[in-house]
Amino acid sequence: MSKNVTTQVMRYLPDANREFFMTNKNGVYLKTPTTLCNLSTDQGLFFVENKESMDHDLLLSSLDETVTAYDCEYNLAQHNFPGAVFPKGLKYVSYVQTNPIPTIEYSMGPIELKKELMISRDYDSLLVRYSLSSSSPSVEFNIAPMVAFRSKSEKQLAEDDTNFNVETVPNGLFIKNNRIQRELFIQLSQSCQTDMTKEWFFNFEYESWSENKAEREDLLMPGNLKFTLESGSECIVSVSLNQHDPDILKMWFEKEMNSYESKLNPTKRNKQVPSLA
């Protein structure tokens, strides 16, 4: 990675080289910088075990969010490209913490937004909660998933779109890659508008550990999920190998959060919530 790119990343968050890491008993994990700006091919939001190769596959590289209020648009994502960083969402980061789960807070004028990420302890799923403070105005929210569908040690290059099938499911998208026969469900806890316009984004740049030059890959955006986040409300995103009932996502997140908090504080009693089975 060029010195120019690294300097721009570090400018917004001093701990840019630190990582969030969470895993579960099924071998599902997330591994990404605290900036959420992936710096190498083995970083991303949703890795799953590949029993044939005895390795892991990266299915979801990132969730790129755009928040709109009062005709102002804020892009929260950040990516490295040759000689440039775009967007520059890290300038909105106001706070980062790792316990009990990875948490990032954003400040955008009158908008205060919290993003929390966790790997489910028992299921092949990543859960993300977006919480808008009660003092913030309602906002229009757009989530653009960036999918990889590759081994963690490989790089994806743009290919024929027919290798990817995209369909709608309740409150979300279903993505299937026919080349590696992998499936992914991305669903929200609230109704949303789904735009299934597939689009390739090129030349994401990463550090190379074996060569003195940058590595590059292309990522596919299978579609957009658009919704309104009301003042003081929250929305849960489920990224999973299986389809779920959107109505249980909030309870599911609370159950998982309670489990993580109980691990840090054993005297805390677990809440009783419905099983996903």
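Description of the structure in this document.

Thresholds applied
Residues numbered from 1 in each chain as written. Predicted model: local features only at pLDDT ≥ 70, side-chain atom pairs only at ≥ 80, totals over all residues. Heavy atoms only, no water. Helix = DSSP H or I, 4+ residues; strand = E, 2+ residues; numbered from the N terminus. Buried < 20%, exposed > 50% of the residue type's maximum accessible area, 1.4 Å probe, protein only. Areas by Shrake-Rupley, 256 points an atom, 1.4 Å probe, with all protein chains shown as cover. Pairing = 2+ DSSP bridges. Axes fitted to C-alpha atoms, helices over the stretch in contact; angles between N-to-C directions. Contact = heavy atoms within 4.5 Å. Core = buried A, V, L, I, M, F, W, Y, C linked by side-chain atoms within 4.5 Å. Salt bridge = Lys/Arg side-chain N within 4 Å of Asp/Glu carboxyl O. 1 Å grid on protein atoms, 1.4 Å probe; cavity = no way out; pocket = protein on both sides within 12 Å on 5 of 7 lines; lining within 4 Å. Points joined across faces, edges and corners; volume = space filled by probe spheres on them. Nonpolar A, V, L, I, M, F, W, Y, C, P; charged D, E, K, R; others polar.

Helix and strand counts for the protein chain come out as two helices and 20 strands. In the protein chain, buried positions account for 52% of the 277 residues. Carbon together with sulfur atoms contributes 46% to the accessible area of the protein chain, which is approximately 12,700 Å² in total.

Looking now at the sheet that holds strand β10 (residues 111–119). In a beta sheet, neighbouring strands are held together by backbone hydrogen bonds and run either parallel or antiparallel to one another. Pairing within the open sheet is antiparallel, and its eight strands lie in the order β8-β9-β10-β11-β20-β15-β14-β13. If you trace the sheet from one side to the other, it starts and ends with β8 (93–97) and β13 (164–169), each paired once. Averaged over all adjacent pairs, the angle separating strand axes in this sheet is 15°, with direction ignored. In the sheet, β10 pairs with strand β11 (residues 125–132) via seven bridges, with the strands oriented antiparallel. Each residue of the ladder has a partner; that of leucine 113, found in β11, is leucine 132. Against the sheet, helix α2 (residues 249–264) engages β10, β11, β15 (182–188) and β20 (234–240), with an angle of about 100° to β11.

Turning next to the nonpolar core. Formed by 59 residues in total, the largest nonpolar core has its most connected members in Leu113 and Leu126. In this structure, Phe47, Phe81, Phe204 and Leu219 belong to the second largest nonpolar core, which totals eleven residues.

Moving on, we get to unusual backbone geometry. Looking along the chain, the bond that leaves phenylalanine 86 and enters proline 87 is cis, with omega of -15°. Omega for the peptide link from asparagine 99 to proline 100 comes to 5°, which places this bond in the cis form. Residue placement: proline 100 occurs in the loop between β8 and β9 (103–108). One non-glycine residue, glutamine 181, lies in the positive phi region at around 55°. Tracing the backbone shows glutamine 181 in the loop between β14 (172–177) and β15.

Another point: the pairing of strand β19 (residues 224–229). Relative to β19, strand β12 (residues 139–151) is paired through five bridges, and the arrangement is antiparallel. When the bridges of β19 are listed, isoleucine 143 appears paired with leucine 225. Here three bridges tie strand β16 (residues 193–195) to β19, and the two strands are oriented antiparallel to one another. Among the inter-strand pairings, aspartate 195 is bridged to a residue of β19, identified as asparagine 224.

Another point: the pattern of salt bridges. With the rule as written, the count across this model stands at twelve salt bridges. A salt bridge links arginine 182 to aspartate 57; the shortest N-O distance between them is 3.2 Å. With arginine 182 in strand β15 and aspartate 57 in strand β4 (residues 55–69), the pair connects residues that are 125 residues apart, well separated along the chain. The residue arginine 129 makes a salt bridge to glutamate 116 at a minimum N-O spacing of 2.7 Å. On the criterion of sequence distance, the pair formed by arginine 129 in strand β11 and glutamate 116 in strand β10 is long-range, its members being 13 residues apart.

Bringing the environment of arginine 18 into the picture now. Mapped onto the elements of the fold, arginine 18 is located in the loop between α1 (3–12) and β1 (19–23). Taking the relative accessible area as the measure of exposure, arginine 18 reaches 48% and is therefore partly exposed. Measuring from C-alpha to C-alpha, the distance between arginine 18 and proline 33 comes to 5.6 Å, with 15 residues separating the pair along the chain.

With respect to the helices and strands, valine 166 occurs in strand β13. A sequence separation of 18 residues divides valine 166 from leucine 184, and the C-alpha atoms of the two residues are 9.7 Å apart. Each residue touching valine 166, except ones within four places of it in the same chain, is listed here: Leu173, Phe174, Met196, Lys198 and Pro222.

The probe, sized like a water molecule, is rolled over the atoms to show the empty space still left. Counted under the stated rule, the structure contains three cavities of 30 Å³ or more. Put simply, the largest cavity is a space of about 130 Å³. What lines the largest cavity is a set of 17 residues, and nearest its centre among them are Thr35, Leu36, Leu63, Ala77 and Lys115. Considering every element that reaches the lining of the largest cavity, the biggest residue donor is β4, with five residues. For the lining of the largest cavity, the class distribution of residues is eight nonpolar, six polar and three charged. Lining of the second largest cavity is provided by Cys37, Asn38, Ser61, Gln78, His79, Asn80, Phe204, Glu205, Tyr206 and Leu219. Among the residues forming the lining of the second largest cavity, the class breakdown is four nonpolar, five polar and one charged.

What follows deals with the pairing of strand β5 (residues 72–75). Summarising the sheet, β4 and β5 pair through four bridges and their orientation is antiparallel. Paired with threonine 66 across the bridge in β5 is asparagine 75.

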